[in-house]
Amino acid sequence: MKYGSNNPRPLPSIEELLEVVRLDPSSPTGLAWVTGRRNGTKAGDPAGGLKKNGYYGLRINRIDYKNQRIIYLLHYGVDPGKYLVDHIDGDVTNNAPENYRLATIAENNRNVKSHCDSTSRFTGVSWHSTAGKWQAVVRKDGKNHYAGTYNMETLAARAYNRLAAELFGEFFRHNGVTDADFDAEMQLMHDAMARLSL
């Protein structure tokens, strides 16, 4: 059987896990080894390391696991099974159990940051070149829900927040627009208008 994000690997039992790892909130990985390892790691050292995908992972009995799945099982006593362990704050290195919730793939995808190649720094906002304005769009279940076009990027970001909160509920991720962002953009527009009137 092939395992991946759509079909997570079953976890060992709590008893089996507690023979090799324990919860450790002081560890960046969220876990510590109970006993020393052949690679020179000592008991009490952080269990696992940062992987290429940005998540912490570890190997037990030659099988790779994501730390957040093991932490969830040890902390809550429930195997996440087919669900993903979502990081509520969006920081995949924050392995505090209180930062976890179970999510479907669709729910987990709602809690993502803006893509690095986006025309806007805000999730759900992009430059609509034909209209010459900022557009706010929320994508849910394969459908785009339009929140309008705006002269200001921060207004589009606020419109996105309102619609996304309504559509996503607890899985809504605030796109980070602040009153300071809005004020700064208003000042830029005011300065540009003042230069035009000279």
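Just above sits the structure.
Rules of the game
- Residues numbered from 1 in each chain as written.
- Predicted model: local features only at pLDDT ≥ 70, side-chain atom pairs only at ≥ 80, totals over all residues.
- Heavy atoms only, no water.
- Core = buried A, V, L, I, M, F, W, Y, C linked by side-chain atoms within 4.5 Å.
- Buried < 20%, exposed > 50% of the residue type's maximum accessible area, 1.4 Å probe, protein only.
- Helix = DSSP H or I, 4+ residues; strand = E, 2+ residues; numbered from the N terminus.
- Contact = heavy atoms within 4.5 Å.

Colleague: Describe the nonpolar core, naming the residues involved and giving the relevant values.
Modeller: Where a protein is soluble and globular, its nonpolar side chains tend to be buried together. Formed by 17 residues in total, the largest nonpolar core has its most connected members in Leu 17, Val 21, Leu 31, Leu 58, Ile 60 and Ile 70. Where this core is concerned, the elements lending two or more residues are strand S2 (31-33), strand S4 (56-60) and helix H2 (67-76). For this core, the element with the highest residue contribution is H2, accounting for 5 residues. Apart from the residues lying within four places of it in its own chain, the contact partners of Leu 17 are Pro 12, Ile 60, Ile 70, Leu 73 and Leu 74. Ranked by size, the runner-up nonpolar core spans 14 residues in total, among them Phe 122, Ala 156, Leu 163 and Phe 168.

Colleague: Give me the lowdown on unusual backbone geometry, citing residues and values where you can.
Modeller: Its identity is not glycine, yet Asn 61 carries a phi of approximately 50°, on the positive side. Note on placement: Asn 61 falls in the loop between S4 and strand S5 (63-66). Residue Asn 61 is classed as exposed on the basis of its relative accessible area of 67%. Phi at Arg 62 is positive, roughly 65°, even though this residue is not glycine.

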